[in-house]
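# Examination of the molecular architecture
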Amino acid sequence: MDDIKKISGSTRVYAIIADPIHHVQTPSAMNQLFAARGDDRVMVPFHVNESELGAVVAGLRGIKNLDGFIVTVPHKTAILELCDSVSDSAKLVGAVNVVRRDEDGSLHGDILDGAGFLAGLRQRGIEPAGMSVYLAGAGGAAKAIAFSLAAAGVSKLTIFNRTASKAVELIQRLSAVFPATEILLGSDDPAGHDLVVNSTSLGLRVDDILPLDVTLLTPSQIVAEIIMQPAITPLLAAATQMGCRIHDGMPMLLCQIELMAAAMATNKNEQNHEYI
Ligand code: ATR
């Protein structure tokens, strides 16, 4: 908290936009990175609901000391249309989770969730190439993760979502880019897959239902989460009981932090490009 005392009129500001917001871990991780680098930058949380997103983003264009913002649940798809330009990856995925604000107020979006998720898996020694993967979800994070898993060479990808039409649309878009990969619409049954991934927002709220039928998990499966708070979600707790190896949501964030900082950098030398 000592660094807060150093905030001045010349500090560059960053935000994270979400609803709910209580769970976000990005400000703490990003502010640690800024402090370690000696950067005069700070990230703060903005609690914004879906109906206010457009108005808030329009206002952010006029904040001259704001260099960028992270976008998370449930805004990753809606923000795409609110950006002036997006990376090829964001266009392909159909979602944005990091936005750079240029000096003239224009907004450039990118998506790093897929790259972050894959890097997090690999950091823990899990290589998805050749694996059959079950993915729960078809929202912004799910789309990014699905494209990155397909690009990484999974042998089969089964997608299940509450709103089946969103899963069907995602499968169609994935199949057009990865025609050799078996990509199927699934049910809540994750059986028969090496890697089971929750990329829904279920688990953030205490009264959430489970994203899939945990009674059908088997000990040979790895169960991975994108939820970071709580660290052990009800899904991960149930998976542990079923004898599965678990992979929590934190590595996905930690592997994204430097990429996010670079994607919001106004200095062209710091920016990075295209992660899928
Ligand atoms: P993010 O941008 O973080 O990925 P999102 O785009 O709102 O957030 O996606 C949330 C995901 O969690 C979606 O797959 C959503 O399912 P729907 O497409 O049917 O909305 C899923 N999800 C959220 N709440 C849910 C609930 N109560 N039951 C089942 N799925 C839920």
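Predicted, not measured: the structure shown is a model, and the values here were computed from it. Each chain carries its own residue numbering, running from 1 in the direction its sequence is written. With the structure being a predicted model, the display of local features is reserved for residues of pLDDT at least 70 and the display and counting of side-chain atom pairs for 80 or more, all residues being used for whole-chain, interface and lining totals. Remark: hydrogens and water are excluded; side-chain values derive from all non-hydrogen atoms of the structure.

Further remarks concern the site of the ligand. Neighbouring residues are identified by heavy atoms, a residue being near a molecule or strand if any of them is within 4 Å of it. Surrounding the ligand, one finds 15 residues, the nearest of these being Ala141, Asn161, Arg162, Thr163 and Lys166. Definition of a polar contact: a pair of N or O atoms within 3.5 Å, with one able to donate and the other able to accept a hydrogen when the atoms are protein atoms, and with sequence-neighbouring residues admitted only if both atoms are side-chain atoms. A distance of 3.1 Å separates an oxygen atom of the ligand from a polar atom in the backbone of Ala138. Residue Asn161 places a side-chain N or O atom 2.7 Å away from an oxygen atom belonging to the ligand. Considered on its own, the ligand offers 640 Å² of accessible surface; in the complex 81% of this is hidden by protein. Only Asp, Glu, Lys and Arg are considered charged in this grouping, and only Ala, Val, Leu, Ile, Met, Phe, Trp, Tyr, Cys and Pro are considered nonpolar; every other residue, Gly among them, is considered polar. Class assignment for the residues of the shell around the ligand results in five nonpolar, seven polar and three charged. Where accessible areas are quoted, they stem from the Shrake-Rupley method and a 1.4 Å probe; at the residue level, only the protein chains shown are allowed to cover.

Attention now goes to unusual backbone geometry. Between Val73 and the following residue, Pro74, the backbone shows a cis peptide bond with an omega angle of 0°. Secondary structure counts use DSSP, requiring at least four H or I residues in a row for a helix and at least two E residues in a row for a strand, with both numbered from the N terminus. For Pro74, the position within the fold is in the loop between β3 (66-71) and α3 (78-82). In this chain, Gln229 is followed by Pro230 through a cis amide linkage whose omega measures 5°. Inspection of the secondary structure puts Pro230 in the loop between β11 (222-225) and α8 (234-241).

Take a side-chain nitrogen of Lys or Arg and a carboxyl oxygen of Asp or Glu: if they are within 4 Å of each other, that pair is a salt bridge. This structure, assessed with the given rule, holds nine salt bridges. Close ionic contact of Asp84 with Arg61 constitutes a salt bridge, the shortest N to O distance being 2.7 Å. With Asp84 in the loop between α3 and β4 (85-86) and Arg61 in the loop between α2 (53-60) and β3, the pair connects residues that are 23 residues apart, well separated along the chain. When accessible area is computed with a 1.4 Å probe and restricted to protein chains, residues below 20% of their type maximum are described as buried, those above 50% as exposed, and intermediate ones as partly exposed. With a relative accessible area of 48%, Asp84 lands in the partly exposed category. Taking the relative accessible area as the measure of exposure, Arg61 reaches 27% and is therefore partly exposed. Across the pair Arg122 and Glu127 runs a salt bridge, and its minimum N-O distance is 2.9 Å.

Before going further, it helps to spend a moment on helix α6 (residues 140-152). In this model, α6 (13 residues) spans 19 Å end to end at C-alpha, consistent with the 18 Å of a helix rising 1.5 Å per residue. Where burial is concerned, most of α6 is hidden: 12 out of the 13 residues are buried. Elements in contact with the buried residues of α6: α4 (88-93), α5 (113-123), β7 (132-136), β8 (156-160), α7 (164-177) and α9 (250-254). Residue Gly153 follows α6 closely and has a positive phi angle near 95°. By this rule the span expected of a helix is its residue count minus one, scaled by 1.5 Å. Contacts were defined at the residue level, with two residues in contact if any of their heavy atoms lie within 4.5 Å.

As summarised here, the arrangement of the six strands in space is β2-β1-β3-β5-β6-β4, forming an open sheet in which the pairing is mixed. Two strands close off the open sheet at either side, each with one partner strand: β2 (41-47) and β4. Where strand β1 (residues 12-18) lies against β2, seven bridges are found, and the strand directions are parallel. The residue bridging Val13 from the neighbouring strand is Val42, located in β2. Those strands touched by helix α1 (residues 26-37) are β1, β2 and β3, and its axis lies near 170° from that of β2. For helices, the fitted line uses only the C-alpha atoms of the stretch in contact; every axis is such a line through C-alpha atoms, and the angle between N-to-C directions lies from 0 to 180 degrees. Along the sheet face, α2 touches β1, β2, β3, β5 (98-101) and β6 (107-110) and points at about 155° away from the line of β3. Paired strands, as defined in this entry, are two strands with at least two bridges between them according to DSSP.

An automatic or database domain assignment supplies the start and end points of every domain. Split into domains, the protein chain comes out as domain 1 (12-112 + 253-263) and domain 2 (114-252). Listed per partner, the contact involves 19 residues of domain 1 and 23 residues of domain 2. Of the roughly 1700 Å² buried between domain 1 and domain 2 on both sides combined, carbon and sulfur atoms contribute 65%. Simply put, the buried area is the total loss of 1.4 Å probe accessible area from both parts when two parts are fitted together. Considering only the side of domain 1, the residues that lose the most area to domain 2 are Val93, Leu253 and Cys255, jointly responsible for 31% of the buried surface there. Along the contact surface separating domain 1 from domain 2 lie zero salt bridges. Applying the counting rule to domain 1 against domain 2 returns 14 residue pairs in polar contact (both at pLDDT 80 or more). Mapped by element, the contributors of at least two residues to the side of domain 1 that touches domain 2 are α4 and α9.

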